[in-house]
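Spelled out, the chains give:
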Protein chains: 2
Amino acid sequence: MRDVAERAGVSIATVSRVLSGSRPVRPDIAERVREVSEELGYRRNLLASSLRRQRTGTVGVVVPNAGDLRHARLVQALSQELHQRGDTVLMAHAQGSPEIEEESALRLLDRSVDGLVIVPCDVLRSRGLVATISRHVHVVQVENDVGVSGVDLIAVDEGAGVRLMLAHLAEIGRRRTLLVVEEGPEAGSARLEAYRQAAEAGRTTAVDEPVLGSGGMALGREVAERVTVGGDRGVDAIVCGDDLVALGALDGLRARSLAVPGDVAVTGFDDVGLAEVASPSLTTVHRPLAEIAAAAVERLEHARAAGGGPAVVWRLPPTIVVRESTVGPD
Amino acid sequence: MRDVAERAGVSIATVSRVLSGSRPVRPDIAERVREVSEELGYRRNLLASSLRRQRTGTVGVVVPNAGDLRHARLVQALSQELHQRGDTVLMAHAQGSPEIEEESALRLLDRSVDGLVIVPCDVLRSRGLVATISRHVHVVQVENDVGVSGVDLIAVDEGAGVRLMLAHLAEIGRRRTLLVVEEGPEAGSARLEAYRQAAEAGRTTAVDEPVLGSGGMALGREVAERVTVGGDRGVDAIVCGDDLVALGALDGLRARSLAVPGDVAVTGFDDVGLAEVASPSLTTVHRPLAEIAAAAVERLEHARAAGGGPAVVWRLPPTIVVRESTVGPD
DNA sequence: CTGTTAGCGCGTTCAC
DNA sequence: GTGAACGCGCTAACAG
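Residues numbered from 1 in each chain as written. Chains lettered and ligands numbered in written order. Predicted model: local features only at pLDDT ≥ 70, side-chain atom pairs only at ≥ 80, totals over all residues. Heavy atoms only, no water.

A.B. asks: I'd like a rundown of the overall build of chain A, residues and numbers included.
C.D. replies: In terms of helices and strands, chain A carries 13 helices and 13 strands. Against the 2.2 N^0.38 benchmark of 20 Å for 330 residues, chain A shows a C-alpha radius of gyration of 25 Å, more extended than a compact globule. Dimensions of chain A, computed from C-alpha atoms along their principal axes, come out at roughly 90 × 40 × 30 Å. Out of the 330 residues in chain A, the part that is buried amounts to 54%. Across chain A, contacts joining residues at least 24 apart in sequence account for 70% of those joining residues at least 6 apart. When the accessible area of chain A is evaluated, it comes to approximately 14300 Å², of which 47% is carbon and sulfur surface. (Helix = DSSP H or I, 4+ residues; strand = E, 2+ residues; numbered from the N terminus. Rg over C-alpha atoms; globule rule 2.2 N^0.38 Å. Buried < 20%, exposed > 50% of the residue type's maximum accessible area, 1.4 Å probe, protein only. Contact = heavy atoms within 4.5 Å. Areas by Shrake-Rupley, 256 points an atom, 1.4 Å probe, with all protein chains shown as cover.)

Right under this line is the structure:
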């Protein structure tokens, strides 16, 4: 920076002002400074800048598992959004372990991130971590709520997703449904609740008790292999808690030579890459990751500008994507 | 840090030495310092440390598209590997555009990353960027080679993958193969070449000219719909350039009510999540992402320790994962 | 082994 | 509008 200042015949402070745009500088002089720094290939050292300004222009992103498509897409959306605002992403992934999550998150803190968005990997065991870091930096939780007061939460409105799907099914004359969701305190219960309410309100008919289980694809396959399909007592649509389970269901039905959606419709949840490559492609609830990312960044921006303010809880409405598994040729 | 020094009755330098472990300190004193800093909840400011040491403990990772499963898994593997070494990941994704890639990478440079691993998004148009950044920091390219001398390259040995797959097929009596790959200067040609050589050497029979095309799933579906299967002139295995194409092939064959692998086997390439959820599950070439990540990190470590040294080109051998689409029940 | 001091490269007070 | 000097928090070099 000294070199640039000398070559441009100005002081080092002027160079700083031109390059950071922190204060007005005479246009001709500014132009000259820019030329010289271009010429010398000079770039300011953001480390020094950050140290001085107490702001780094970096945001920490912590996800349970970076290799999972859902989180990968979220990171992508966040990264894109942050890039636009001139920020850089410091990424960490918990590898499914609260211990690693904690260590990673603290490391990001040590690097003085301006904000942190985290998908807590365990609703219970991540709680202390979120409480701690939220005392140092603005934190926004995504998806999972660990229940620390004063911390933002951005999630999708799971209940709305279920209602949307049931409405679609009702519209195409499928009211004899079976719900299959993965167990877990997280999103499953909200969906279950919404489903039960819909059944009580008569917007769908719960042919059987909802199936709770685990095992991803295997769960769906298993259910599909034993469910009674068609007729007065049978099911005409299997509503799955995520796309992977739905894939399993498709597989199980195929093994029985049942047609989808001819004999029975199948629906998923997430729409993060699996649904469109399934065969038949899956009608599914689309998780609005771009909107989630935008909302998270908006909250960080807000905190930066307005300081504190009360925490918010935003449940964003998902949309539904209709594909072959409910209205297809079969 | 001053506070800690005072409370522990030592100098600020001693605190630094204890916490960074840069020099031996008397054990009792060290213990006391650690206690005090724990007590005060003190954590050293890595920004200041980095500024002083000219090393940040961060590594930049640039991928074409963070939402793509292949790159997501790579980032995951890298992140894991780097976490172990105590490093943090600064992530950027190019969103498919060389311009954004360039801007992102330069930003990472401005943040003084210790090293950079990049999957160049365009073999031609990313060249200048790689040349530029490699003058400032140790760069390791992954997958795509932009052809700048002196820059490491870690990739998978595509030819070996094809040979492995053809050997497996031959072993189960499938020699009448058809190759279907996506066009592109990148990996496709290496596979094509390996295939042709195998055909000439009589290790497989190319029933027809290899199909080059684009469109992912649609490409595979289209080929499957028109290919002649079985008999003296037909195909008994479709070898696809990636799992998505293979998925399309499965779909196309299903539409014709042909059994996989009964009537014809299908194989993929990548094994990053799609192959195991396909139905039937896909026999595929496994891209060794963990090994690639480990190799990349090893190179960075090497550069850190040994300084320069000549650049390396490592083509890692893939493995083959046998699933239902070649040896299944059908 | 420990303390003192200088300075990493900037942004920001102040005076002018 | 511009320049000089201080300090962000830490580590490296030296002296003790």
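A.B. asks: Account for the protein's contact with DNA strand D, with residues named and values stated.
C.D. replies: Taken together, 23 residues lie near DNA strand D, and Thr14(A), Arg17(A), Ser16(B), Tyr42(B) and Arg52(B) sit nearest. Near the protein, within 4 Å, the atoms of DNA strand D are sugar or phosphate in 68% of cases. Arg26(A) has a polar backbone atom sitting 2.9 Å from a phosphate oxygen of DNA strand D. For DNA strand D, a base oxygen lies 2.6 Å from a polar atom in the side chain of Arg52(B). Elements that contribute at least two residues to the surface near DNA strand D include exactly α2 (12–20) and α4 (46–53) of chain A together with α2 (12–20) and α4 (46–53) of chain B. When its residues are assigned to classes, the surface near DNA strand D shows 9 nonpolar, 7 polar and 7 charged. (Near = heavy atom within 4 Å. Polar contact = N/O pair within 3.5 Å; in protein donor to acceptor, adjacent residues only side chain to side chain. Nonpolar A, V, L, I, M, F, W, Y, C, P; charged D, E, K, R; others polar.)

A.B. asks: Pulling in residues and values, what's your account of the side chain of Asp271(B)?
C.D. replies: All names here are of chain B. Along the polypeptide, Asp271 turns up in the loop between β10 (265–270) and β11 (283–286). Here the side chain of Asp271 touches His286 through a polar contact of 2.7 Å, side chain to side chain. Looking at Asp271, its side chain comes within polar contact range of the side chain of Arg323, at 3.1 Å.

A.B. asks: Lay out the relation of the copies chain A and chain B in plain terms, naming residues and giving numbers.
C.D. replies: Of the transformation placing chain A onto chain B, the axial shift is 0.0 Å and the rotation is 180 degrees, giving an RMSD of 0.1 Å. Both chain copies can therefore be described as sitting about a two-fold axis. Ranked by how close their C-alpha atoms come to the rotation axis, the residues of chain A are headed by Leu90(A), at 2.3 Å. When the interface residues of chain A are mapped onto chain B, 100% of them again lie at the interface, so the same face is used by both copies. (Least-squares fit on C-alpha atoms with pLDDT ≥ 70 in both.)

A.B. asks: Give a detailed account of the protein's contact with DNA strand C, specifying residues and quantitative values.
C.D. replies: Taken together, 24 residues lie near DNA strand C, and Ser16(A), Tyr42(A), Arg52(A), Thr14(B) and Arg17(B) sit nearest. In the environment of DNA strand C, a phosphate oxygen lies 3.0 Å from a nitrogen or oxygen atom belonging to the side chain of Arg44(A). Listing elements by their share of the surface near DNA strand C, those giving two or more residues are α2 and α4 of chain A together with α2 and α4 of chain B. The element that contributes the greatest number of residues to the surface near DNA strand C is α4(A), accounting for 4 residues. Looking at the surface near DNA strand C, its residues break down into 10 nonpolar, 7 polar and 7 charged.

A.B. asks: Tell me about the interface of chain A and chain B, and name the residues and values.
C.D. replies: For an interface, size is often stated in terms of accessible area lost upon the parts coming together. On the chain B side, the residues contacting the 49 residues of chain A number 49 residues. Both faces combined, the contact of chain A with chain B buries some 4200 Å², and carbon together with sulfur accounts for 55% of it. Ranking the residues of chain A by area buried against chain B places Leu47(A), His83(A) and Arg111(A) at the top, with a combined share of 17%. At the junction of chain A with chain B, the criterion picks out 2 salt bridges. In this structure, Asp110(A) engages Arg43(B) in a salt bridge whose closest nitrogen and oxygen atoms are separated by 2.5 Å. Viewed at the interface, chain B and chain A are joined by 22 residue pairs in polar contact (both at pLDDT 80 or more). Listed by contribution, the elements that provide at least two residues to the side of chain A that touches chain B are α4, α5 (69–84), β2 (88–93), α6 (98–110) and α11 (243–255) of chain A. Ranked by residue count, the leading element in the side of chain A that touches chain B is α5(A), at 8 residues. (Buried area = accessible area lost by both parts, 1.4 Å probe. Salt bridge = Lys/Arg side-chain N within 4 Å of Asp/Glu carboxyl O.)

A.B. asks: Give a description of the pairing of strand β9 (residues 237–240) of chain A that names residues and reports values.
C.D. replies: Residue and element names in this part refer to chain A. Residues Ala237 and Val239 line one face of β9 and the alternating positions Ile238 and Cys240 line the opposite face, and both faces are buried. When β9 meets strand β10 (residues 265–270), the two strands line up parallel, connected through 3 bridges. Within β10, the residue paired with Val239 across the bridge is Thr267. A crossover links β9 with its parallel partner β10, the connecting element being α11, and its sense is right-handed. (Pairing = 2+ DSSP bridges. Right-handed = clockwise from strand over helix to strand, strands pointing away.)

A.B. asks: So what's going on with the packing of aromatic side chains? Which residues, and what values?
C.D. replies: Scanning the entire structure with this criterion turns up 0 aromatic pairs over all chains. Against the face of Phe269(A) rests Arg191(A), its NZ or CZ located 3.9 Å from the ring centre. Sitting over the ring of Trp314(B), Arg299(B) keeps its end group 5.9 Å from the ring centre. (Phe/Tyr/Trp six-rings, centres within 6.5 Å; stacked < 30°, edge-to-face > 60°. Lys NZ or Arg CZ within 6 Å of the ring centre and 35° of its normal.)

A.B. asks: Got a sec to walk through the domain arrangement of chain A? Specific residues and values, please.
C.D. replies: Looking at the assigned domains, one finds that chain A contains domain 1 (2–44), domain 2 (56–157 + 289–317) and domain 3 (158–287 + 320–327). Computed over C-alpha atoms, the centres of domain 1 of chain A and domain 3 of chain A are 62 Å apart. (Domains from an automatic or database assignment.)

A.B. asks: Report on the packing of α4(A) against α4(B), specifying residues and quantitative values.
C.D. replies: Contact pair α4(A) / α4(B): the axes reach a minimum separation of 9 Å and the direction vectors enclose 140 degrees. Regarding the angle of α4(A) to α4(B), the classification is oblique. Every pair of crossing elements has a handedness; the one defined by α4(A) and α4(B) is left-handed. Of α4(B), the residues touching α4(A) (which contributes Leu47(A), Ala48(A), Ser50(A) and Leu51(A)) are Leu47(B), Ala48(B), Ser50(B) and Leu51(B). (Axes fitted to C-alpha atoms, helices over the stretch in contact; angles between N-to-C directions. Parallel < 35°, antiparallel > 145°, perpendicular 65-115°, else oblique. Left-handed = near helix turned anticlockwise from the far one by under 90°.)

A.B. asks: Lay out helix α12 (residues 289–306) of chain A with the relevant residues and their values.
C.D. replies: Think of an α-helix as 3.6 residues a turn; residues three or four steps apart then line up on the same face. All names here are of chain A. Taking 1.5 Å of rise per residue, 18 residues should cover 26 Å, and α12 covers 25 Å from first to last C-alpha, within 8% of that figure. Every buried residue of α12 is accounted for by Leu289, Ile292, Ala293, Ala295, Ala296, Val297, Arg299, Leu300 and Ala303. If you follow the buried residues of α12, they end up packed against β1 (58–63), α5, β3 (115–118), β4 (138–142), β5 (152–156) and β12 (313–316). (Expected span 1.5 Å × (residues − 1).)

A.B. asks: Quick rundown of unusual backbone geometry? Include the residues and the values.
C.D. replies: Cis geometry marks the peptide bond from Val260(B) to Pro261(B); its omega dihedral reads 5 degrees. Relative to the helices and strands, Pro261(B) is located in the loop between α11 (243–255) and β10. In this model, Ser279(B) is joined to Pro280(B) through a cis peptide bond whose omega is 0 degrees. Take Pro280(B): it is sitting in the loop between β10 and β11. The phi angle at Ser257(A) is positive, at roughly 60 degrees, despite the residue not being glycine. Within the secondary structure layout, Ser257(A) lies in the loop between α11 and β10. One non-glycine residue, Gln95(B), adopts positive backbone phi at about 55 degrees. Mapped onto the fold, Gln95(B) is located in the loop between β2 (88–93) and α6 (98–110). By relative accessible area, Gln95(B) is classed as partly exposed at 28%.

A.B. asks: Before we move on, can you summarise the pairing of β1(A) with the specific residues and values?
C.D. replies: Residues and elements named next belong to chain A. Counting buried positions along β1 yields 6 of 6 residues, so the element is predominantly enclosed. Neither face of β1 is open: one carries Thr58, Gly60 and Val62, the other Val59, Val61 and Val63, and all of them are buried. Pairing between β1 and β2: 6 bridges, direction parallel. Along β2, the bridge assignment pairs Val59 with Val89. Following the backbone out of β1, through α5 and into the adjacent parallel β2, one traces a crossover that is right-handed.

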